[in-house]
Structure formats: C-alpha cells, structure tokens
Amino acid sequence: MSQNKAEQELTHGVEVFSKYKNLLFELTRKNVKLKYRDSWMGIFWSFLQPLLNMTVLSVVFIGIFGRSNSHVICYPVFLFTGRLLYDFFNTSTKQAMTSFRRNSAIIKKVYVPKYMYPLSSIFSTFVTFAISILCLIVVWIFFKTTGVSNGHALHLTWRVLLCFVPMFLILLFSTGVGLILSVLAVYFRDIEYIWDVVTRLLMYMVPILYPLQRITTRWIIVIIKINPLYSMIELFRQCVLYGIPMSWKLLAYATIVSIVTLIIGIGVFIWKSDDLIYHL
C-alpha cells in the first residue's frame, strides 16, 4: 500500500514539474537578465569578470605557487579552472539560499511549486558559468600560443570533451546543497552569514590557489580530499588542463556524494515545503 502511495506521489510530482517547466525556464531567464540589468556591459561581465579575477590572483600568487612546473602546468589556467567551479558553487548556493526571501511577495500571492525558485537561481548561475567556459577557452588558447607561464606544456586532447561530467556533478551537488540552504534560511536567517564564512574557508581548503602537492601535513591532505569540491575540480582539471584520463576513484566519490546530497536536499525540501510560507 505504501509503495503504491509513493508511486502516486512520484507520478504527481513529475506531472507538476512537467506542467511548470516553462515557468522554470522563464524564471531562469529573468534571473540572468536581472543580474546584469543595470550594467551597460550586460552579460559580457560573465566573460570579463572571471578573466579579471584570474589576472589579479595570478599576479599576486604566481610567485608563490606558480614557479614550480612539476605540479602546475600553467598556473593562470590552473587557477582559472579551480575558480570557475568554485565560483559557480559559491554563487549558486547563495542565490538559492535567499531565493524565498527575494520572492516572498509572489509566493504569498500566487501558487507555484516552491522548488522553482531555488532551482531557477541555480540554473541561472549555471548559464553564467557556461558562458564563462568561453573565457576559459580564450585563456587556454592565449597561454598555449604564447607559451607564457609554461603555457606550451598545455595539450589539447579528446578528453576535454568529458569536462561536462564534473560540470554536471557540481550542478547536482550545488542543487542538493542549495535546496537544503533555501529551507534552513527561512527558519534561521543567520545561516546566510554562517554560509558566507563557510564558503570563504572552502576557498582555501580546496586546491584552487595552490597544488595539493604543496601540502605536506597528512591530516590536512585527508580533509581536502574529503571535500567533494576537490574531486570535482580535480576531475575538471584532468580533462581540461592535464588531458589525462579521469580518476575513477574521484569520479565514483564525486558521483556518490552528488547524488546523495541531491536526494537529501529533495527530502528536506519535501519535508518542510508546506510550512515555508508561514515563516516568510
């Protein structure tokens, strides 16, 4: 009996999502437009902003982490690949976390499946992330052709086509975390400040600015490797930067963590979705 009920709820959920999928597309498009509405350069900032960040950080840290070529092929590209995935996770989870507060007036007046708001926030950030990949291509070509910062060591292989795998995994992981945060932020407003501190710590606890090989303390290495972001960033670098086969251990770990996090996020959201409106 319970199995039939679960199947009915699943079927109903799929039908509701199918009914409102166009709304999800429109909300995603609206979020992308609103982000650059008051900027005269518009969506071009999705291309320019990561480039400027890479330039500044490269100038600051290349003397510290980018001198040795044994662990870093081309430091600016190494830095860029890590920053792209981290920035997507950081921005998408924060946008999802505040999605109910930003849309509280609409939620109270019009019925829409509530998960549309955090999902649209995450998907719109993913669109910006995808546009930033074009900037990565330009940066990769520049350093390869000029040879600056050991750029001649970069090699293009067919494995670059597999970069969508870690991109998809970090989308799943960010969606799960975003759903959890969106619920928690309704009940505990302080979570926004706590998460801001957590993401700042993650910036330094994931090999974005430095190669993992520079860390010699064993327990710190273990903590870094436990972080799912490390697996996803490393998988992305293996495809784009190193041109080597993806590590099956990292791939298995990242896949399991992403799916489990998404399932937990969906479960938490379903559990509390009916009560959210009373706390907005």
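These numbers were taken from a predicted model, which means no experiment stands behind them.

1. Quick look at the overall build of the chain
Phase 1: Broken down by element type, the chain carries eleven helices and zero strands.
Phase 2: Scanning the chain from its N terminus toward the C terminus, one meets helices and strands in the order α-α-α-α-α-α-α-α-α-α-α.
Phase 3: Burial statistics for the chain: of 280 residues in total, 48% are counted as buried.
Phase 4: In the structure as shown, the chain presents an accessible area of about 15,200 Å², 68% of it carried by carbon and sulfur atoms.

2. Remarks on helix H6 (residues 116-146)
Phase 1: End to end, H6 covers 45 Å across 31 residues, agreeing with the expected 45 Å (1.5 Å per residue, within 8%).
Phase 2: Backbone geometry just downstream of H6 places Gly147 in the positive-phi region, at approximately 75°.

3. Things to note about the packing of helix H10 (residues 228-242) against helix H11 (residues 248-272)
Phase 1: Packing of H10 against H11 brings their axes to within 9 Å, and their N-to-C directions diverge by 130°. Taken together, the axis directions place H10 and H11 in an arrangement best described as oblique. H10 and H11 meet at a crossing whose hand is left-handed. Residues Pro228, Tyr230, Ser231, Met232, Glu234, Leu235 and Gln238 of H10 pack against Leu250, Leu251, Tyr253, Ala254, Val257 and Ser258 of H11.
Phase 2: Taken together, the residues that form the contact of H10 with H11 break down as nine nonpolar, three polar and one charged.

4. A closer look at a nonpolar patch on the surface
Phase 1: On the surface, a cluster of nonpolar side chains totalling about 500 Å² of accessible area is made up of Val197, Leu201, Met205, Trp219 and Ile223.
Phase 2: Ranked by residues supplied to the nonpolar patch, first place goes to helix H8 (residues 191-205) with three residues.
Phase 3: Within the fold, Leu201 resides in helix H8.
Phase 4: The class of Leu201 is exposed, set by a relative accessible area of 53%.

5. As for the side chain of Asn150
Phase 1: Take Asn150: it is sitting in the loop between H6 and helix H7 (164-187).
Phase 2: Take Asn150: its relative accessible area is 15%, and that puts it in the buried class.

Rules behind the numbers
Residues numbered from 1 in each chain as written. Predicted model: local features only at pLDDT ≥ 70, side-chain atom pairs only at ≥ 80, totals over all residues. Heavy atoms only, no water. Helix = DSSP H or I, 4+ residues; strand = E, 2+ residues; numbered from the N terminus. Buried < 20%, exposed > 50% of the residue type's maximum accessible area, 1.4 Å probe, protein only. Areas by Shrake-Rupley, 256 points an atom, 1.4 Å probe, with all protein chains shown as cover. Expected span 1.5 Å × (residues − 1). Axes fitted to C-alpha atoms, helices over the stretch in contact; angles between N-to-C directions. Parallel < 35°, antiparallel > 145°, perpendicular 65-115°, else oblique. Left-handed = near helix turned anticlockwise from the far one by under 90°. Contact = heavy atoms within 4.5 Å. Nonpolar A, V, L, I, M, F, W, Y, C, P; charged D, E, K, R; others polar. Patch = residues over 30% accessible without salt bridge, like charges linked within 9 Å, V, L, I, M, F, W, Y side chains within 5 Å. Salt bridge = Lys/Arg side-chain N within 4 Å of Asp/Glu carboxyl O.

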